[in-house]
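Spelled out, the chains give:
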Amino acid sequence: MATPAEFARSREQVVRICDSATDARALRVQLLDGIRQVVGFDFYAWLLTDPATSVGSAPLADVPHLRELPQLIRLKYGTDVNRWTTLTAASPVATLQDASGGDLSRSRLWRELLCRYDVSDVTSVVHRDRFGCWGFFELWRSGSATAFSPAEIDYLTEITPPVTTALRRCQANTFVAGSAADAPRIGPAVLLLSPGLEVLQQTSETQDYLRAIVPPAEGRAPVPASAYNVAAQLLAVEDGIDQNPPSARVHVSEGRWVTLRAARIGDAPAGADRDIAVTI
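Below or above, wherever it landed, is the structure these notes cover. (Residues numbered from 1 in each chain as written. Predicted model: local features only at pLDDT ≥ 70, side-chain atom pairs only at ≥ 80, totals over all residues. Heavy atoms only, no water.)

### Things to note about helix α7 (residues 204–213)
Part 1 of the reasoning: Turning to α7, its buried residues number three or more, namely Thr206, Tyr209, Leu210 and Ile213. Seen from one end, α7 has its buried residues packed into an arc of 95 degrees, which puts them on one side.
Part 2 of the reasoning: Against the buried residues of α7 lie β2 (56–62), β6 (190–193), β7 (199–202), α8 (225–238), β8 (247–253) and β9 (256–264). (Buried < 20%, exposed > 50% of the residue type's maximum accessible area, 1.4 Å probe, protein only. Helix = DSSP H or I, 4+ residues; strand = E, 2+ residues; numbered from the N terminus. Arc of directions from axis to C-beta. Contact = heavy atoms within 4.5 Å.)

### Quick look at the sheet that holds strand β4 (residues 119–129)
Part 1 of the reasoning: A sheet is described by the order of its strands in space; here five strands give the open sequence β2-β1-β5-β4-β3, paired in antiparallel fashion. Edge strands, defined here as strands with exactly one partner in the open sheet, are β2 and β3 (93–95). With direction set aside, neighbouring strand axes in the sheet form an average angle of 15 degrees.
Part 2 of the reasoning: The sheet contact formed by β4 and strand β5 (residues 132–142) spans ten bridges and is antiparallel. Bridging from a neighbouring strand, Val125 pairs with Phe137 of β5.
Part 3 of the reasoning: Running over the sheet, α8 touches β1 (43–49) and β2 and is turned about 120 degrees from β2. (Pairing = 2+ DSSP bridges. Axes fitted to C-alpha atoms, helices over the stretch in contact; angles between N-to-C directions.)

### Re the pattern of salt bridges
Part 1 of the reasoning: Counting across every chain of the model gives nine salt bridges.
Part 2 of the reasoning: For Asp50, the salt bridge goes to Arg249, with nearest N and O atoms at 2.7 Å. Highlighted residues: Asp50 in the loop between β1 and β2 and Arg249 in strand β8, separated in sequence by 199 residues.
Part 3 of the reasoning: Arg249 sits in the partly exposed class, given a relative accessible area of 39%.
Part 4 of the reasoning: Across the pair Glu152 and Arg141 runs a salt bridge whose closest N-O atoms are separated by 2.6 Å. With a gap of eleven residues between them, Glu152 in helix α6 (residues 150–173) and Arg141 in strand β5 connect regions that are remote in the sequence. Considered together, Glu152 and Arg141 belong to a single accessibility category, that of buried residues. (Salt bridge = Lys/Arg side-chain N within 4 Å of Asp/Glu carboxyl O.)

### Regarding the pairing of β2
Part 1 of the reasoning: The buried fraction of β2 is high, at five of seven residues.
Part 2 of the reasoning: Bridge count between β1 and β2: five bridges; the pairing is antiparallel. Residue Thr49 lies in a different strand from β2, and its bridge partner there is Gly56.
Part 3 of the reasoning: If you look at the hairpin formed by β1 and β2, you'll find six residues sitting between the two strands, and Ser54 has a positive phi there, around 65 degrees.

### Here we look at the packing of helix α1 (residues 4–20) against helix α2 (residues 24–36)
Part 1 of the reasoning: Where α1 meets α2, the axes come as close as 10 Å, and the angle between the chain directions of the two elements is 170 degrees. Relative to α2, α1 is oriented roughly antiparallel. Here Ser10, Gln13, Val14, Ile17 and Cys18 of α1 come into contact with α2, specifically with Leu27, Gln30, Leu31 and Gly34.
Part 2 of the reasoning: Across the contact of α1 with α2, the residue classes tally to five nonpolar, four polar and no charged. (Parallel < 35°, antiparallel > 145°, perpendicular 65-115°, else oblique. Nonpolar A, V, L, I, M, F, W, Y, C, P; charged D, E, K, R; others polar.)

Here it is as structure tokens:
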């Protein structure tokens with residue numbers, strides 16, 4: 001457990017990082033390194049969101065198994081316990097231990113996935129202000145690690161306002177950082193997903209978009225995480241979990257933005273296992 005002095009120094013460091021931030025990805029990387037010094041965690045996921053729909057995109061994450069990412073995202077959107085859309089600017093931080101009263105199985109995400117990785121607590125944080133929702137992140141502890149403490153929650157709550165402001169400013173910077181007219185032109189793209197969010201087919205332009213949204217490691221194919229997010233939001237709307245539209249605007253490069261949208265294929269009755277088209 002960090003000392004009060006260590007929490008104070010970390011808060012000051014966070015403010016300095018936020019004051020000088022110009023890029024949302026670099027900001028999140030720096031902040032995660034700083035947060036880890038005083039709040040321990042095993043895994044994390046930090047997403048930017050469309051401020052109007054609260055749907056995630058451009059994730060930065062370290063999760064147990066990448067092959068289970070579609071299921072993880074589907075369950076995150078389909079779980080109403082500590083869903084980021086229910087957290088407010090006044091109370092932006094919540095823990096699974098507190099929200100569930102110690103019965104973690106109340107969370108669908110924990111019950112169907114996280115329990116397999118012995119996750120003992122999850123802290124959820126939303127970055128929301130009067131202009132909209134700019135992002136959310138989660139920290140997971142597993143094994144014999146203790147629950148997140150009141151002091152750690154207080155620390156995360158105190159740093160949330162400057163982080164939120166910095167994220168919003170970084171998004172605004174994308175409109176002046178370059179010229180959209182000079183950016184390479186890519187045609188519309190379509191990604192076809194199964195009801196379980198498995199990739200079935202895609203147009204040739206899709207890879208270019210996905211690579212620009214979340215640059216993969218050298219030699220790796222891009223992960224369609226942003227497409228999973230809008231598709232998972234579609235499922236959440238169908239299940240009555242949330243009513244925001246399944247769409248997200250995301251910066252690609254050079255002042256250029258795209259919109260991802262998800263919709264069912266065909267006109268079968270609602271609830272039928274129809275494939276999902278994600279357009280970019």
